[in-house]
Each structure stands twice: as C-alpha cells, then as structure tokens.
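Residues per chain are reported as follows:
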Amino acid sequence: MIVQEPSKSTSGLTSVFENSAFMGHEQVVFCHDEETGLKAIIGVHSTVLGPALGGTRMWKYDNDAEALRDVLRLSRGMTYKASISGLNLGGGKAVIIGNSREDKTDEMMKKFGEFVNSLSGRYITAEDVGINTHDMEMVKMKTDHVTGIPESMGGSGDPSPVTAYGVFMGMKASAKYRWGNDDLAGKKVLVQGVGHVGETLVKHLTESGAKVMINDIHEDTLERIASTYGAQIVMDDIYDLDMDIYAPCALGATVNDETIGRLKAEVIAGAANNQLADEVRHGKMLREKNIVYAPDFLINAGGLINVYSEIAKYDRAEALRRTEDIYNTTLTILTDAETHGITTHAAALKLAEERVEKKRQQLKG
Ligand code: NAD
C-alpha cells in the first residue's frame, strides 16, 4: 500500500479544461455507479508513446475538485515517468473517491473494472494508495487492462522492491556526481517512510555500509526495521539532522519553503512522488543551495518498469536490468542540468517531453 497526501485544492470545480492541472490531457472520464457508490475519475494524459498506464488511488478527498486535481497531476507525471524510462507507454491514472478502509467493496472494484474495460486498452490500471492486489483481482474479473496482479495469477506482484532498487541506483549516481564516487559506505542517509519501498531501500543501503537513519509514523515498523537492518530511529526535527543524503519515501511535497532552509543534506534521492511542493520554485532553491536533487519521476520508475514487463511476458531479470539504467540516466540528467544552467527537474522534464514530441511528429508524418 502506498501512502501519500494528495495535493490540496481550495478552489471549487468550476472547469475541467481550465483547471491549472489539465495540461494537455487527451481524455478525462468521470465514472459513477449508484448501486456500489463508485465515484471515480480516470485521467488519460497521453497515449502518444503507447497505452496510458498508471495506478488507481482510493482516497477520501475533501471535494471533487481536489480529486480531479490529484488525478490530473498524477497522470501527467506518468507520461514523463514512462517516457524518460524509454517505455512504450503513455500516462494515465485513476482516483476513486472514498475511504479505502470503510467504503471499498469487491462489487465497487468490479464496477470500476467495467469502466476501465470501456476504454478498450487506452488506459491500463494498477495499484496505488488504498488499493491492494486483491482489489486488482476484482478488477481483473472485468477487464484484461490491468497490471500488478499477484504472482500466483501470472502477474509480477508487488512492484515496490524494484522501485527501491531504482531509487538506490539513482542515489548512487547522485553520489557519484556529487562526491566523484558512488560508494555509499559511511554516508549518513535519512530514509523518511519505511514502508514497502523504504524498507528495501534501507536493506540496500545498510548492505552498502551506509549509516541509515529511519523515520516513520508507526513505531512498531520502525523498531522492526531498526533491529533487522541495524538502522537508527530518529523522531524529532528530522530535517535539521546531520545527514549526507535525504531519501523521502513517504509523502510528497516534503521539499518546500520550510524544509529547504533546514536541510543539511547534499543529495536528495527518494521514492515519493511529487517531492517538490512547487517543481519550478523549489527546484531553483535546491540549485541555489547546491543540493543535488535526483528527479523523483526518474528514479522511482522501477515499479512502472516492472509492471510494463508484465504486459507482454513477465521477465524479472529484464525488468531489473532496465531499472539499473536509472543510474546512467540520472548521471546524464544531472550533467545536462549543469551544462544548461537549469534545474535537474527541468532537465528531466525536457528529456521526457522531447521523446513524446518526437513520437508525436512521427505519428503525424
Ligand atoms: P507505503 O505506504 O508502503 O509506505 C509509506 C510509509 O510512510 C509507511 O510506513 C507510512 O507509515 C510512512 N509515513 C506516512 N506518513 C509519514 C510521515 N508523515 N512521516 C514519516 N513516515 C510516514 O508506501 P510505498 O509503496 O513504500 O511508497 C512510498 C512512496 O513512494 C510513496 O510516496 C509512493 O507514492 C512512492 N512510490 C511508490 C512506488 C511503489 O512501487 N510502491 C512507485 C513509485 C513511487
């Protein structure tokens, strides 16, 4: 399960096309079923590179505008994540409005599967916050356009370990860029959020000899991980700690006006989506502070690479090999940003957009 605070919107839902997050979406589908209580929105940002693949998130949004904004921001991010990873996939995402612990039923998930099926493969779904492999089994009963199903059903199972491996690769590349050496032995790393991805990242880091500090809202999880991997639990004022690398693996938007001034880390590399509260302004602030920021949508793409592999015939070794490429792509992006005097986020976005644009022109011609 993935935990991430969705973006807040204070404005009412006055327009879809004029929404600041709309940003060139091809299709937005509003799904409603009275009987099961399903209220969902599917955002298809782009199908230029291939079918739009992205998970379904279930969250108790305060209002419809917030749900719409969240799905639009996330589906656009998927376009760039797939593009920069060299996958023939477009970007899409879905949100179901409701409390996943109280409101979700198997019948609701099957109904959602019918809506996904109605898009005839333009959108392929997977798990995200509040959705688990059992829910995907329900969806699978109504559509074949679903990934991340259990290994027992021929799927690729939980993508998180592959995501963690990609983050580790991106972190090593960032270390190489900053310190001229990708050896993480002795480096002080704060992993914030030791859930599915964070735990495997802690494993890779401690095996590499890094000094790992961990933070989470669940004490039992912290204690288990501290004793399993020999990590140090930190609870208070975590942004002020003496650290070399900050790895956000819980919520988005933790790199913001308040935290950038406090952070002592020289590298930020983690799994969370949308780490920069404002991708332009905070990207620039990091650059001014000379903090190396490994763009989130680049280094957390391992899970997407893994489910992509499931579409044809799942091959874990191939998925891991492709995930390893995140190392080289990260180095390219960090160097590009320096050469062009732009933020690392902007450099990653530019590379991702160029591939989409090139394919768009080919399709026209
Ligand atoms: P998860 O829910 O398994 O783990 C998140 C952890 O963060 C939990 O242990 C939770 O207790 C902790 N947490 C929540 N709020 C916190 C807070 N305020 N401070 C500290 N810890 C807090 O989720 P995950 O699957 O490990 O994903 C982690 C992040 O990576 C999410 O932002 C997710 O969107 C992103 N991501 C995950 C994948 C994947 O394959 N799972 C892929 C790409 C991106």
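The model shown is predicted, which means the values in this text are computed figures rather than measured ones. Per-chain numbering applies: the sequence of each chain, read as written, is numbered from 1 onward. Given that this is a predicted model, residues contribute local features only at a pLDDT of at least 70 and side-chain atom pairs are listed and counted only at 80 or more, while totals for whole chains, interfaces and linings are drawn from all residues. Side-chain metrics in this entry use all non-hydrogen atoms of the structure; hydrogen atoms and water are not considered.

Novice: Could you clarify how one ought to interpret the sheet that holds strand β10 (residues 245-248) in this entry?
Specialist: Pairing between the strands of a sheet is mediated by backbone hydrogen bonds and can be parallel or antiparallel. What the 6 strands build is an open sheet, ordered β9-β8-β7-β10-β11-β12; its pairing is parallel. The open sheet is flanked by β9 (232-233) and β12 (292-293), the only strands paired with a single partner. At least two bridges found by DSSP between two strands are what make those strands a pair. Only DSSP runs of H or I covering at least 4 residues are called helices, and only runs of E covering at least 2 are called strands; the numbering of each starts at the N terminus. Taken together, the 2 bridges between strand β11 (residues 267-268) and β12 define a ladder with parallel strand orientation. Directly across from Val267, in β12, lies its bridge partner Val292. Contacting β8 (211-215) and β9, helix α6 (residues 219-229) crosses the sheet at an angle of about 165° to β8. Contact criterion: two residues are considered in contact whenever any of their non-hydrogen atoms come within 4.5 Å of each other. Every angle, taken between N-to-C directions, lies between 0 and 180 degrees, and every axis is a line fitted to C-alpha atoms, over only the stretch in contact when it is a helix.

Novice: Help me understand the pattern of salt bridges, please; the structure alone is not making it clear to me.
Specialist: Once the charged atoms of two side chains with opposite charge are near each other, the side chains can pair. One side-chain nitrogen of Lys or Arg within 4 Å of one carboxyl oxygen of Asp or Glu is enough to make a salt bridge. The full count for this structure, using the stated rule, is 23 salt bridges. Of the charged contacts in the structure, one is a salt bridge between Lys172 and Asp182, with a shortest N-O distance of 3.8 Å. Pair noted here: Lys172 is in helix α4 (residues 160-179) and Asp182 is in the loop between α4 and β7 (188-192), with a separation of 10 residues, a long-range link. Relative accessibility thresholds used throughout: buried, under 20% of the residue-type maximum; exposed, over 50%; partly exposed, between the two (1.4 Å probe, protein chains only). Residue class for Lys172 comes out buried when judged on its relative accessible area of 17%. Glu266 is the partner of Arg178 in a salt bridge, and the nearest nitrogen-oxygen pair spans 3.3 Å. In this pair, Arg178 is assigned in helix α4 and Glu266 in the loop between α7 (257-260) and β11, connecting sequence segments 88 residues apart. A relative accessible area of 30% places Glu266 in the partly exposed class. A single salt-bridge network, built from bridges that share partners, covers Arg57, Asp70, Lys93 and Asp128.

Novice: So what exactly am I meant to see when it comes to the packing of aromatic side chains here?
Specialist: Two numbers describe a pair of aromatic rings. These are the distance of the centres and the angle of the planes. Side-chain rings of Phe, Tyr and Trp, where Trp is taken by its six-membered ring, are said to pair if the distance between their centres is within 6.5 Å; with planes under 30 degrees apart they count as stacked, over 60 as edge-to-face, and otherwise as tilted. The final tally for this structure, using the stated rule, is 2 aromatic pairs. Here the aromatic rings of Phe17 and Phe22 are separated by 5.3 Å at their centres, their planes lie at 70°, and the arrangement is edge-to-face. By the criterion adopted, a ring carries a charge over it if an Arg CZ or a Lys NZ lies within 6 Å of its centre and within 35 degrees of its normal. The ring of Trp179 has Lys187 lying over it, and the distance from NZ or CZ to the ring centre is 4.5 Å.

Novice: Would you take a moment to explain the layout of surface pockets for this structure?
Specialist: The probe, sized like a water molecule, is rolled over the atoms to show the empty space still left. Both cavities and pockets are sets of points on a 1 Å grid over the protein atoms alone; in a cavity a 1.4 Å probe fits but cannot get out, in a pocket the set is open with protein on both sides within 12 Å along at least five of seven lines, and lining residues sit with an atom within 4 Å of a point. Grid points are joined across faces, edges and corners, and a volume is the space filled by probe spheres set on the points. What the second largest pocket holds in volume is close to 480 Å³. Arg73, Arg76, Asn274, Glu279 and His345 are, among the 24 residues lining the second largest pocket, the residues nearest its centre. Counting only elements with at least two residues in the lining of the second largest pocket, the list comes to α1 (64-84), α9 (296-299) and α13 (344-364). Sorting elements by how many residues they give to the lining of the second largest pocket places α1 first, with 8 residues. Under this grouping Gly is polar, as are all residues other than the nonpolar Ala, Val, Leu, Ile, Met, Phe, Trp, Tyr, Cys and Pro and the charged Asp, Glu, Lys and Arg. Across the lining of the second largest pocket, the residue classes tally to 10 nonpolar, 6 polar and 8 charged.

It is worth stressing that arrangement in space is one thing and function is another; only the former is reported here.
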